[in-house]
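# Tertiary structure, described
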Amino acid sequence: MKKMHLSGIGHESYQDGLSSEFLENPSTSLMQLRSVDESELLTVPDGWKEPAFTREDNPKGLLEESSFATLFPKYREVYLKECWPLVQKALGEHFVNATLDLIEGSMTVTTTKKTFDPYAIIRARDLIKLLARSVPFEQAVRILQDDVACDIIKIGTLVRKRDTFIKRRGRLLGPKGSTLKALELLTNCYIMVQGNTVSALGPFSGLKEVRKVVLDTMKNIHPIYNIKTLMIKRELSKDPELRSQSWERFLPKFKRKNLNKRKEPKKKNTKKEYTPFPPPQPESQIDKELASGEYFLKERQKKRKQVEEIKAKQADAIKKRQEERNKAFIPPKEKPLVKTKKVSTEKKIDIEAIKEKVKNAKKKKLGALPVEEVKLKMAADEKKKKKKK
């Protein structure tokens, strides 16, 4: 109803603008006016929001009751039991009933006679889906707002091998959740990676980017490339002049470097060129003997030739064996002797200095004190004796 109302207003203003411009300047073509006005209609003022849906828009309410139910895993039972009064209170503001069945392990939401917003039941369905996917209530309750949507991306079937799937899912999280945090800041979305699904909650433009990054990561494209692109787009959007221009020249273009590492066979079977003629027939033993002349020899001569061939082979074998035996008696090559350099005796020896050292050594007794120290000691002993007297 809102969309019809808004489109009607836009259409009327568009027609009024057309008629006024066409009356002022009848020479301008209708196509030119249409292109100008369409571009004006596409521009949305900053901070504009669609008005909230109230009871005045739908005073008679809904005709029939609608309901949705979803299952939840066993480990979510305790948390859901604690936060269920808050869920009922949040949905009660939109006149939607919520029931929790712990025996079957399911959550159900239904409309009432007081429900006036037909889209409230869809938001309630998304709320219980997010709660079942391990999203905390504080984040999941935001789905009831007009400008917030959710997207549940199934990643379990995108990769065949389980080990590869775990690695790529860990790559999406990053070290200590840093990659996921950066993605949340750039897209303004809350992202929850749990099991085989990724739950995202936020504006529509952010959800689109989140889905692209998640699917690319599962296709073995590292999320850092998409994060770099998002950072550049965020800076470009701040410039009002670049909003209407193409950003392709600013965005980085990453090439895939991992080549196909399929092993090639050692022996490659190459197909020969097709010829209609059959291959030539191989020569028989008789043909070979006729060519060499052996066919015309007698039996005695043939035997003699065979014996000579055998003896020649034996002689070659004996010669090789003898060479191998003689290898043990061949002396190894000795290394060449390195000539030592003679010590140069060109330095002059001071004979007189050596003689003086020898004389001083003879005068000194082994362990005796020098002459000066002995004199000082004698003088000190005489002074002590005088004091005693």
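Just so you know, these numbers come straight off a predicted model, no measurement behind them. Once a new chain begins, its residue numbering starts again from 1 and follows that chain's sequence as written. Under the rules for a predicted model, residues below a pLDDT of 70 receive no local features and side-chain atom pairs below 80 are neither given nor counted, while totals for whole chains, interfaces and linings still include all residues. To obtain the side-chain values, all non-hydrogen atoms of the structure were included, while hydrogens and water were left out.

As a further point, take helix α9 (residues 223–237). Each α-helix turn comprises 3.6 residues. Residues three or four places apart therefore point the same way. Under the DSSP-based scheme used, a helix requires at least four consecutive residues in state H or I and a strand at least two consecutive residues in state E, with every element numbered from the N terminus. Every helix has an expected span of 1.5 Å times one less than the residues it contains. Between the first and last C-alpha of α9 there are 21 Å, a value that for 15 residues agrees with the 21 Å anticipated at 1.5 Å per step. Residues of α9 that are buried make contact with α6 (162–173), α7 (178–187) and α8 (204–218). Here, two residues are considered to be in contact whenever any of their heavy atoms come within 4.5 Å of each other.

Glancing now at the pattern of salt bridges. We define a salt bridge as a contact between a side-chain nitrogen of Lys or Arg and a carboxyl oxygen of Asp or Glu at a distance within 4 Å. For the structure on display, the rule yields nine salt bridges. For K74, the salt bridge goes to E77, with nearest N and O atoms at 3.3 Å. Connected via shared salt-bridge partners are D117, R123 and D146.

As a further point, take unusual backbone geometry. With a phi close to 55°, K176 is a non-glycine residue in the positive phi region. Its place among the elements puts K176 in the loop between α6 and α7. One non-glycine residue, N220, lies in positive phi territory at about 70°. Summarising the element assignment, N220 is placed in the loop between α8 and α9. A 1.4 Å probe rolled over the protein chains alone gives each residue an accessible area, and that area as a share of the maximum for its type sets the label: buried under 20%, exposed over 50%, partly exposed in between. N220 gets classed as partly exposed once you look at its relative accessible area, which sits at 31%.

In this section: a nonpolar patch on the surface. Patch membership is restricted to residues that have no salt bridge and whose relative accessible area is over 30%. Joining uses 9 Å for like charges and 5 Å for the nonpolar side chains Val, Leu, Ile, Met, Phe, Trp and Tyr. To be clear on the numbers: accessible area is Shrake-Rupley with a 1.4 Å probe, and residue cover counts the displayed protein chains and nothing else. Judged by side-chain polarity, I286, L290, Y295 and F296 come together as a nonpolar surface patch covering roughly 430 Å² of accessible area. Locating L290 in the fold gives a position in helix α10 (residues 285–292).

Quick look at the sheet that holds strand β1 (residues 67–71) now. Each strand in a sheet pairs with another by means of backbone hydrogen bonds, the pair being arranged parallel or else antiparallel. When DSSP finds two or more bridges between a pair of strands, those strands are recorded as paired. Taken in spatial order, the three strands line up as β1-β3-β2 in an open sheet, and their pairing is antiparallel. Two strands bound the open sheet, and with one partner strand each, they are β1 and β2 (96–101). Averaged over all neighbouring strand pairs, the angle between strand axes comes to 15°, with direction disregarded. Judged from the five bridges that link them, β1 and strand β3 (residues 106–111) form a sheet pairing that is antiparallel. Each residue of the ladder has a partner; that of F68, found in β3, is V109. Note on method: axes are straight lines fitted to C-alpha atoms, helices fitted across the in-contact stretch only, with angles between N-to-C directions ranging 0 to 180 degrees. The strands touched by helix α3 (residues 77–92) are β2 and β3; relative to β2, the strand with the most contacts, the crossing angle is about 165°.

Tracing the chain through its elements places D101 in strand β2. Taking the C-alpha atoms as reference points, D101 and E77, 24 residues apart in sequence, are found 9.8 Å from one another. In this structure D101 touches F72 and S106, once residues within four positions along its chain are discounted.

Moving on, we get to the side chain of D151. Tracing the chain through its elements places D151 in strand β4 (residues 149–154). In terms of polar contacts, D151 uses its side chain to reach the side chain of R211, at 2.8 Å. The contact partners of D151, leaving out residues within four places of it in the chain, are V198, S199, A200, L207 and R211. Two N or O atoms form a polar contact when they lie within 3.5 Å of each other; inside protein one atom must be a possible hydrogen donor and the other a possible acceptor, and for residues adjacent in sequence the pair counts only when both atoms belong to side chains.

Turning next to the sheet that holds β4. Ordered by their spatial adjacency, three strands build an open sheet running β4-β6-β5, and the pairing between neighbours is antiparallel. Edge positions in the sheet fall to β4 and β5 (190–194), since each has one partner strand and no second. Across the sheet, the mean angle from the axis of one strand to that of its neighbour is 15°, orientation sign disregarded. Of the pairings in the sheet, the one linking β5 to strand β6 (residues 197–202) comprises five bridges and is antiparallel in character.

So, about the confidence of the model for the protein chain. Taken residue by residue, the protein chain gives an average pLDDT of 82. The fraction at 70 or more is 82%. As a per-residue quantity, pLDDT reports the predictor's confidence and falls between 0 and 100. Here residues 1–24 is modelled with pLDDT under 50, and outside its nearest four sequence neighbours on either side it reaches 19 contacts, counting other chains as well. Ignoring residues within four places in sequence, the model shows residues 26–31, a span with pLDDT below 50, making three contacts including any to other chains.

Now for the packing of aromatic side chains. Here a pair means two rings of Phe, Tyr or Trp (six-membered ring of Trp) with centres within 6.5 Å. Their orientation is stacked below 30 degrees between planes, edge-to-face above 60, and tilted elsewhere. Enumeration according to the criterion identifies three aromatic pairs in this entry. A centroid spacing of 5.7 Å and a plane angle of 90° characterise the contact between Y295 and F296, whose relative ring orientation is edge-to-face. Among the aromatic side chains, those forming a connected cluster through ring pairs are F53, F95 and F116. Each ring is checked for a lysine NZ or an arginine CZ that lies within 6 Å of its centre and within 35 degrees of its normal; such an atom marks a charge sitting over the ring. If you follow R55 out to its NZ or CZ, it ends over the ring of F95, 5.6 Å from the centre.

Here we take up a positive patch on the surface. A contiguous patch of positive charge, built from K383, K384, K385, K386, K387 and K388, is present on the exposed surface. Mapped onto the elements of the fold, K385 is located in helix α13 (residues 371–388). Charged residues are defined here as Lys and Arg on the positive side and Asp and Glu on the negative side; His and the ends of the chain fall outside this count. Where a charge sits is defined by one atom per residue type, namely NZ (Lys), CZ (Arg), CG (Asp) or CD (Glu).

Before going further, it helps to spend a moment on the packing of α3 against helix α4 (residues 120–132). Running from amino to carboxyl end, α3 crosses α4 at an angle of 165°, the nearest separation of the two axes being 12 Å. Comparing the axis directions of α3 and α4 gives the class roughly antiparallel. For the pair α3 and α4, the sense of crossing is right-handed. Residues L80, V87 and L91 of α3 touch α4, and the partners they reach there are A124, L127 and L131. For this classification, the nonpolar set comprises Ala, Val, Leu, Ile, Met, Phe, Trp, Tyr, Cys and Pro, the charged set comprises Asp, Glu, Lys and Arg, and every other residue, Gly included, is treated as polar. Class assignment for the residues of the contact of α3 with α4 results in six nonpolar, no polar and no charged. Any angle that falls under 35 degrees is termed roughly parallel, while one over 145 is termed roughly antiparallel, one within 65 to 115 roughly perpendicular, and all others oblique. Should the near helix be turned counterclockwise from the far one by less than a right angle, the crossing is left-handed, whereas a clockwise turn marks it as right-handed.

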